[in-house]
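Listed below, chain by chain, are the residues.
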Amino acid sequence: MSEENLKSLFVISNSQADELERKKKKDEKAKKKELKKLKAEEKSKQAEVKAKEAKDVPKKSTKKSSKRDAPEENPEDFVDPETPDGERKRLSSHMAKQYSPAAVERAWYAWWERAGFFIADAKSSKPAFVICKNFSSVLPPPNVTGVLHIGHALTAAIQDLIVRWKRMSGFNVLWVPGMDHAGIATQKELKRRGLTRHDLGREEYIKEVWKWKEENGSKILIQLRRLGASLDWSRECFTMDEQRSKAVTEAFVRFYKEGLIYRDIRLVHWDCHLKTAVSDDEVEHIDIKEKTLLKVPGYDKPVEFGLITSFAYPLEGGLGEEVVVATTRVETMLGDTAIAIHPDDARYKHLHGKFAVHPFNGRRLPIICDGTLVDPDFGTGCVKITPAHDPNDFKLGKRHNLEFINIFTDDGKINTNGGPDFTGMPRFAAREALVEALKNRWLENIRDWCISRQLWWGHRIPAWYATLEEDERREVGAYNDHWIVARNEEEARKEAAEKFSGKRFDLAQDDDVLDTWFSSGIFPLSALGWPDETDDFKAFYPTSVLETGHDILFFWVARMVMMGMKLSGDVPFSKVYLHPMIRDAHGRKMSKSLGNVIDPIEVIDGATLEALHERLEKGNLDPRELVVAKEGQVKDFPNGISECGADALRFALVSYTAQSDKINLDILRVVGYRQWCNKLWNAVRFALIRLGDGYSSGGCQPERCRSAASGFSVLNKAISKTVESLNAFEFPDAANTVYAWWQYQFCDVFIEAIKPYFVNPALASDRAHAQHALWVTLETGLRLLHPFMPFITEELWQRLPSPKDSERKASIVICDYPSAIENWTNEKVETEMETVLASVKCLRALGLPAFALRENNITSEIVKSHELEIRTLANLSSLEVLLKGEDAAPAGSAVETVNENLKVYLRVDRAINVEAEQEKIRNKIAELQKQKEKLQIMMSASGYEEKVPANIKEDNVAKLAKILQEFDFFEKERARLVAEGNEQMKQK
């Protein structure tokens, strides 16, 4: 709980205390010790997994094998040998028959890191790409006080996807791992353990904080490695280390010298428990639910609908406080006459009876209480009221006697009530203009930032108070002009001597520390070595992309922009990607008290219900909350959490980002992707068997393997779509494209279609070309998938045979990301394959004979040339092509329509169900009748002959003729089935 209080504070931030700098070496030593300990634990766990794998390998049967010549399997051949830490993973001689996340994901990361694959080169000539991210308390925190939760896993998954893709695309990629000192959160943690700063004194308290940090600070780093985050660990930084503290001090001094930081008495939010000022309450902004572009008469370009716009109304009085509302019709804010809140909403109790001020016309907007309209749990709990333009607002306006202001003319333009800046604008043009106007005032009238925090853990403010011998008031801070801001005490003493020349004085440094957001705000600068002109700073600033949550758009993003521009003269990043916020499967916020907070390692490794309970018991919940949290876990995870692996978790989280601004995470979806990994594993395992032990890839001639030609073209299209989506930051679309290619093209079609080349002696001469096609397709597909699923793709890629007469790169991590190859595209063969697959869909059977009835020679050629694929994919014993008008439909067959030019018959091994077949035909005839009537109505409409272009009229005539032909075909089919039905009756 907090209250508003007056305090003498520094308004806007600071540096680090001298005593903290002396702790750096000790901190690094302790961190290495902790990492060593955690690696030992990991090694022990891997040994257990290895033992389990050996145990789970199927034992040799005591029965005689049906394949007498088949060699006996040795279980050890399916288990990976032990890999020394940091070395390239040693793989088993045979792929395991089942995918195991624990087995696949171990050892690779240590090798990647040791090999230096993630290290950026400040001297490189490659284009730089820097992703701006401080793994810090601002997200909210993966900070020194705890461990990553599933929300941080989303951040890591998205950022690593971007980083791996850009690295493979030829960029000099830098991703710096940073950790925040989390001043308030750390103090809370130590207080929970019975350690308070006032009991220990400043020096001893800081020693205890460093000690606690050394014991706990490495857990997050281990989690990030387990998630596969390809960070440049050689540049790891902590907001309290020497270089970052230097940057904080420099920034504070510069801001103060320029008058941007000042000492003042301010109205602040005061935490009575921690005895410190805290930041303003965070407001949940609703950005976009689902956008849709629609063409609206009278507008040249499509209008965007379904976009929720959040904006703030300042409160009357000029104190900087504001209330945030959201709307999909932002133009109606010109007619707002009130803001409604729920009477029982504790967040806004202090606003009862207050007024907000309209930013464009100065209108006073009363803040009214209404329990009927307002849902305090929806959005911000504040609702803009436009009585003249909304039915619900109309009723509320009547209840509260509000003013009704109409802002629209009869033809949908803004009238004079909308103000001179918008009068005469069409409604949707005004919508865009208002959004721009609101953006322009986004950083206007904001409250100055109180940066003093009454804590001891953090960057101590580099300000010294000079108490003069002649001062009547002796308390620190009594005279505002006695403050000296400098980089260190020596500099402060020199400056004080000049300022108070000839006078005797004592200096005392301010006890307060800076708000943690201050050091976070300059992180894009400090992480690269600023204020020094380092090679990193010159090569990588400004950074490329900031990825973060929309909930801290102002608290972190805006401050980084302002501070970056002021200190460096340039914005710190060119793009900002805002990820959704994760909730549980029921749409609830993640909360320790609800028991729905998930550690990503629990999803990666799996966790029993007992283990989940144990984690809760080690937390700081009170007994009543603990009971509720355990009940929540029993309900959501009655059997615990299944082992899913990092790859499945990453892919699920990236795919989930399509759910607008919130993700309702269901662990079963992650389990589904883990099962998909097993399908991927087995498909590649099958492919490697087809390649054989002695295979060495060479040139591929797709025309010698027709399945390869269509496969390459479809893969080319998937590559183009994936890269296009990644460039547009449409990550779920990219993930779905890659998934669809692997699932529905490689596994379901390509692998099946090329099987005959490996088993049919007649195709032996083309077998090598089929192998080459398989290798190229498989290797390209793995590179396409790698940024999404780094571990399994590395393992499978390493098992591929090496290319012939060419040097292979050490890891898929540093391979090139696929790009479209012009001569792979073949629209003709793709169209043919669509016909093939449509035929297969109609013909899937169990070794039965089939017939294809085609309308023309073109269709005949397509079917004949792809007979092998159709027979293989549909599992047919034979396929005969019939010509309409010349060949009779086969008796005892069921008919299916592939398209308007192709019908297929399947001869069944039993009497056909005449009634069922006739019902299908009746439905088809009814469908054709509707098409015919619709077309005839259009063609007989008034003015059709005079107004419709000739080419369209010709197309319509052709369509009608085709429909009439279809009528004729199905009428004959109906007659055939009637005759066959009568024949069956006679035989009975």
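Residues numbered from 1 in each chain as written. Predicted model: local features only at pLDDT ≥ 70, side-chain atom pairs only at ≥ 80, totals over all residues. Heavy atoms only, no water.

**Points about the overall build of the chain**
Stage number 1. Assigned secondary structure in the chain consists of 33 helices and 28 strands.
Stage number 2. For the chain, the residues scored as buried account for 50% of the 988 residues in total.
Stage number 3. Carbon and sulfur atoms make up 51% of the accessible area of the chain, which totals about 47,000 Å². (Helix = DSSP H or I, 4+ residues; strand = E, 2+ residues; numbered from the N terminus. Buried < 20%, exposed > 50% of the residue type's maximum accessible area, 1.4 Å probe, protein only. Areas by Shrake-Rupley, 256 points an atom, 1.4 Å probe, with all protein chains shown as cover.)

**With respect to the sheet that holds strand 14 (residues 364-369)**
Stage number 1. Pairing is mixed in the open sheet, where four strands are placed in the order 13-14-12-15. Each of the sheet's edge strands pairs with one partner strand only, and the pair in question is strand 13 (355-357) and strand 15 (382-385). Going across the sheet, the axis of each strand differs from the next one's by a mean of 30°, ignoring polarity.
Stage number 2. Relative to strand 14, strand 12 (residues 338-341) is paired through three bridges, and the arrangement is parallel. Its bridge partner being in strand 14, Ile339 is matched across the sheet by Ile367. (Pairing = 2+ DSSP bridges. Axes fitted to C-alpha atoms, helices over the stretch in contact; angles between N-to-C directions.)

**Thoughts on the sheet that holds strand 19 (residues 505-509)**
Stage number 1. As summarised here, the arrangement of the three strands in space is 18-17-19, forming an open sheet in which the pairing is antiparallel. Looking at which strands have only one partner, the edges of the open sheet turn out to be strand 18 (483-485) and strand 19. Neighbour to neighbour, the strand axes of the sheet diverge by 30° on average, direction disregarded.
Stage number 2. Relative to strand 18, strand 17 (residues 463-468) runs antiparallel, the two sharing three bridges. Residue pairing in the sheet places Trp464 in a bridge with Ile484 of strand 18.

**Focus: helix 10 (residues 242-257)**
Stage number 1. Here helix 10 contains 16 residues, and its C-alpha end-to-end distance of 22 Å stays within 8% of the 22 Å for a straight helix at 1.5 Å per residue.
Stage number 2. Considered for burial, the residues of helix 10 that qualify are Arg244, Ser245, Ala247, Val248, Thr249, Glu250, Ala251, Phe252, Val253 and Phe255.
Stage number 3. Structurally, the start of helix 10 carries an N-cap: the backbone nitrogen of Gln243 is 3.4 Å from a side-chain oxygen of Asp241.
Stage number 4. Where helix 10 terminates, the next one or two residues include Gly259, which has phi positive at roughly 80°. (Expected span 1.5 Å × (residues − 1). Polar contact = N/O pair within 3.5 Å; in protein donor to acceptor, adjacent residues only side chain to side chain.)

**A closer look at the confidence of the model for the chain**
Stage number 1. The predicted model of the chain has a mean per-residue pLDDT of 80, with 79% of residues at 70 or higher.
Stage number 2. This stretch, residues 134-142, has a pLDDT under 50; its non-local contacts, to residues over four places away or in other chains, come to 46 contacts.
Stage number 3. Below pLDDT 50 for its whole length, residues 281-288 participates in 31 contacts with residues either more than four positions away or in separate chains. (pLDDT = per-residue confidence, 0-100. Contact = heavy atoms within 4.5 Å.)

**Re the side chain of Ser245**
Stage number 1. Mapped onto the elements, Ser245 comes out in helix 10.
Stage number 2. Of note is the side chain of Ser245, whose polar atom sits 2.9 Å from the backbone oxygen of Asp241.

**Considerations on the side chain of Ser713**
Stage number 1. The residue Ser713 is located in helix 23 (residues 706-727) in this model.
Stage number 2. Setting aside chain neighbours within four positions, we find Ser713 in contact with Trp824, Thr825, Asn826, Glu827 and Glu830.

**Notes on the pattern of salt bridges**
Stage number 1. Scanning all chains against the criterion turns up 51 salt bridges.
Stage number 2. A salt bridge links Arg226 to Asp605, with the nearest nitrogen and oxygen atoms 2.6 Å apart. Here Arg226, found in helix 9 (residues 219-227), pairs with Asp605, found in helix 18 (residues 600-605); they are 379 residues apart in sequence, far enough to count as distant.
Stage number 3. Here Arg226 falls in the buried class, since its relative accessible area comes to 19%. (Salt bridge = Lys/Arg side-chain N within 4 Å of Asp/Glu carboxyl O.)

**A few points about the environment of Trp775**
Stage number 1. Looking at where Trp775 falls in the secondary structure, it is placed in helix 26 (residues 767-785).
Stage number 2. Overall, Trp775 belongs to the buried group, its relative accessible area being 10%.
Stage number 3. For the pair formed by Trp775 and Leu800, sequence separation is 25 residues and the distance between their alpha carbons is 7.9 Å.
Stage number 4. For Trp775, the side chain forms a polar contact with the main-chain oxygen of Pro801, separated by 3.0 Å.

**Focus on the packing of helix 22 (residues 667-691) against helix 24 (residues 731-753)**
Stage number 1. Direction vectors running N to C along helix 22 and helix 24 enclose 40°, while the axes themselves pass 11 Å from each other. Compared by their axis directions, helix 22 and helix 24 come out oblique. For the element pair helix 22 and helix 24, the recorded crossing hand is left-handed. Residues Tyr673, Trp676, Lys679, Leu680, Ala683, Val684, Phe686 and Ala687 of helix 22 lie in contact with helix 24, whose contacting residues are Tyr739, Trp742, Gln743, Phe746, Cys747, Asp748 and Ile751.
Stage number 2. Of the residues assigned to the contact of helix 22 with helix 24, the class counts are twelve nonpolar, one polar and two charged. (Parallel < 35°, antiparallel > 145°, perpendicular 65-115°, else oblique. Left-handed = near helix turned anticlockwise from the far one by under 90°. Nonpolar A, V, L, I, M, F, W, Y, C, P; charged D, E, K, R; others polar.)

**Describing the nonpolar core**
Taken as a class, soluble globular proteins show a tendency for nonpolar side chains to be buried jointly.
Stage number 1. Formed by 123 residues in total, the largest nonpolar core has its most connected members in Trp742, Phe746 and Phe788.
Stage number 2. Of all the elements, helix 22 adds the most residues to this core, at 14 residues.
Stage number 3. Beyond its immediate sequence surroundings of up to four residues, Phe788 is in contact with Leu161, Asp647, Arg650, Phe651, Val654, Leu726, Phe731, Ala734, Ala735, Val738 and Tyr817.
Stage number 4. Formed by 42 residues, the second largest nonpolar core is a distinct cluster that contains Ala120, Val176, Val253 and Phe523. (Core = buried A, V, L, I, M, F, W, Y, C linked by side-chain atoms within 4.5 Å.)

**Some remarks on the packing of helix 22 against helix 27 (residues 790-799)**
Stage number 1. It is at 11 Å that the axes of helix 22 and helix 27 come closest, and there the two elements cross at 5°. The orientation of helix 22 relative to helix 27 falls into the category roughly parallel. Touching Cys677, Leu680, Trp681, Val684 and Leu688 of helix 22 are Ile792, Glu795, Leu796 and Arg799, all from helix 27.
Stage number 2. In the contact of helix 22 with helix 27, the residues fall into seven nonpolar, no polar and two charged.

**Quick look at the environment of Glu258**
Stage number 1. Positionally, Glu258 belongs in the loop between helix 10 and strand 6 (262-271).
Stage number 2. Polar contacts involving the side chain of Glu258 include one to the side chain of Lys566, which spans 2.7 Å.

**Examining the state of the cysteines**
Stage number 1. The tally for this structure, following the rule as stated, stands at zero disulfides.
Stage number 2. Of the cysteine sulfurs around Cys644, a residue in no disulfide, the closest is that of Cys677, at 9.5 Å.
Stage number 3. We classify Cys644 as buried; its relative accessible area is 0%. (Disulfide = S-S within 2.5 Å.)

**Some details on the packing of aromatic side chains**
Stage number 1. A full pass over the atoms with the stated rule returns 34 aromatic pairs.
Stage number 2. Plain terms: the ring middles of Tyr109 and Phe118 are 5.5 Å apart, the flat faces sit at 55° to each other, and that makes the pair tilted.
Stage number 3. Taking relative accessible area as the criterion, Tyr109 reaches 6% and is therefore assigned buried.
Stage number 4. Look at Phe118 and you get buried, because its relative accessible area is 3%.
Stage number 5. For the pair Phe311 and Tyr313, a centre-to-centre distance of 5.3 Å together with 75° between the ring planes defines the contact as edge-to-face. There is no split in this pair, since Phe311 and Tyr313 are both buried.
Stage number 6. Each residue in the set Phe651, Tyr673, Trp676, Tyr739, Tyr744 and Phe788 is aromatic and connected to the rest through ring pairs, giving one cluster.
Stage number 7. The side chain of Lys166 reaches across the aromatic face of Trp165, ending 4.6 Å from its centre.
Stage number 8. Between Arg559 and the ring centre of Trp449, over which it is positioned, the NZ or CZ distance is 4.0 Å. (Phe/Tyr/Trp six-rings, centres within 6.5 Å; stacked < 30°, edge-to-face > 60°. Lys NZ or Arg CZ within 6 Å of the ring centre and 35° of its normal.)

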